[in-house]
Amino acid sequence: MSAHILSGITVAKEVKAQVAIDIEALKADGIEVGLATLLVGDDPASHIYVSYKHKDADAVGMNSFDVQLPQDATQADVFAAVDDLNARDDVTGIIVQLPLPDGLDGEAAVERVLPTKDADGLHPFNLGRVILGRPGPLPATPSGVMTILDHYGIETAGKTAVIVGRSFLVGKPMGLLLGAKGVDATVIQAHSRTPDLAAVCATADILITAIGRPGMVDASFVKPGAVVIDVGTTRTDDGLRGDVLFDEVVEIAGAITPVPGGVGPMTRASLLTNTIGLARAQSTDFRT
Ligand code: NAP
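The next subject is the environment of Phe168. When you line up the elements, Phe168 lands in the loop between β5 (160-164) and α7 (171-179). Spatially, the C-alpha atoms of Phe168 and Pro124 are 9.7 Å apart, while their sequence positions differ by 44 residues. Leave out the neighbours within four places in its chain, and Phe168 touches Leu98, Glu107, Leu122, Leu127 and Pro173.

Here we take up the side chain of Asn86. Within the secondary structure layout, Asn86 lies in helix α3 (residues 75-87). If we skip the residues at most four places from it in the chain, Asn86 touches Ile94, Arg112, Val113, Leu114 and Lys117.

Okay, the site of the ligand next. Near the ligand, the surroundings consist of 21 residues, among which Arg166, Ser167, Ser192, Thr233 and Thr267 are the closest. For the ligand, an oxygen atom lies 2.7 Å from a polar atom in the side chain of Arg166. Contacts to the ligand include Ser192, whose side-chain N or O atom sits 2.5 Å from an oxygen atom. For the shell around the ligand, the element with the highest residue contribution is helix α10 (residues 263-282), accounting for three residues. Split into classes, the residues belonging to the shell around the ligand amount to nine nonpolar, 10 polar and two charged.

In many reports, interface size means the accessible area that the parts give up when they come together. Splitting the chain by domain gives domain 1 (30-114) and domain 2 (140-264). Placing a centre on the C-alpha atoms of domain 1 and another on those of domain 2 gives a separation of 28 Å. The interface is formed by five residues belonging to domain 1 together with four residues belonging to domain 2. Of the roughly 360 Å² buried at the junction of domain 1 and domain 2 (both faces included), carbon and sulfur atoms supply 66%.

Parameters at a glance
Residues numbered from 1 in each chain as written. Predicted model: local features only at pLDDT ≥ 70, side-chain atom pairs only at ≥ 80, totals over all residues. Heavy atoms only, no water. Helix = DSSP H or I, 4+ residues; strand = E, 2+ residues; numbered from the N terminus. Contact = heavy atoms within 4.5 Å. Near = heavy atom within 4 Å. Polar contact = N/O pair within 3.5 Å; in protein donor to acceptor, adjacent residues only side chain to side chain. Nonpolar A, V, L, I, M, F, W, Y, C, P; charged D, E, K, R; others polar. Domains from an automatic or database assignment. Buried area = accessible area lost by both parts, 1.4 Å probe.

The following block contains the structure:
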């Protein structure tokens, strides 16, 4: 039997409808919400991703600002642009579009963003708050995955979750969110040095792949009936591909996210919800 399809497009639509309501409420309280993106260089995929983020902001009535630097920008140029956005009253949240061109330090650029304007939820201050279970912006992609699980009523408590990938962007914070008190999955964090990866993955009730190797995860990685969340996105000649061999895995999984139309739209929706949360926090004490 074919797996249930977990549509990020459907869930993102609901999230965005709520964001639009929240923006109206904030406006009524005299608070304007503004999302700024900083894009460095000529990477075509990054230009596409940034244009989507502005479209999303427009669609929910959020102001947005598009700052771009040339391919030959220096680290000092990047820091100066971030400082500028940090200082602007009309900018509530800031996204540094990663990766930066070779030779530039993306993590340092993210750390330059004020934690109170960190729309991506990737600043070390905010990642630290995730470890502590304190409120604050959550890393956008893992947060989007959690929203999908919640929307479709997928039980996490007592389940074994295998996450393939341990980047600071996706894999590591995904493990923190799934293993948090109240979520209560038992988390296995796999990576390129994990022996017998397929066998480890086949123990998962919830399998999350954040690898960047198109089609690597075939049916042998999947326990029948498991929930499979494919975070991977790789641009190929055949279009955008996930890590999961969808046509094969859809036949044995219980539920699965497609690529495109799965986690991607949810990452963008989480950026909007983070920006709303930042707007609220900026009008109160952030560390509550
Ligand atoms: P990354 O920093 O390159 O991390 C990739 C992870 O996969 C690493 O931990 C690596 O292990 C592991 N890995 C690589 N090859 C492997 C293999 N053969 N077997 C097992 N593990 C392997 O990438 P990332 O930033 O986390 O992104 C991962 C994927 O998600 C990419 O395709 C990216 O485009 C996509 N992504 C999608 C969204 C979205 O919104 N849909 C958002 C962010 C990222 P080691 O640590 O041992 O090297």
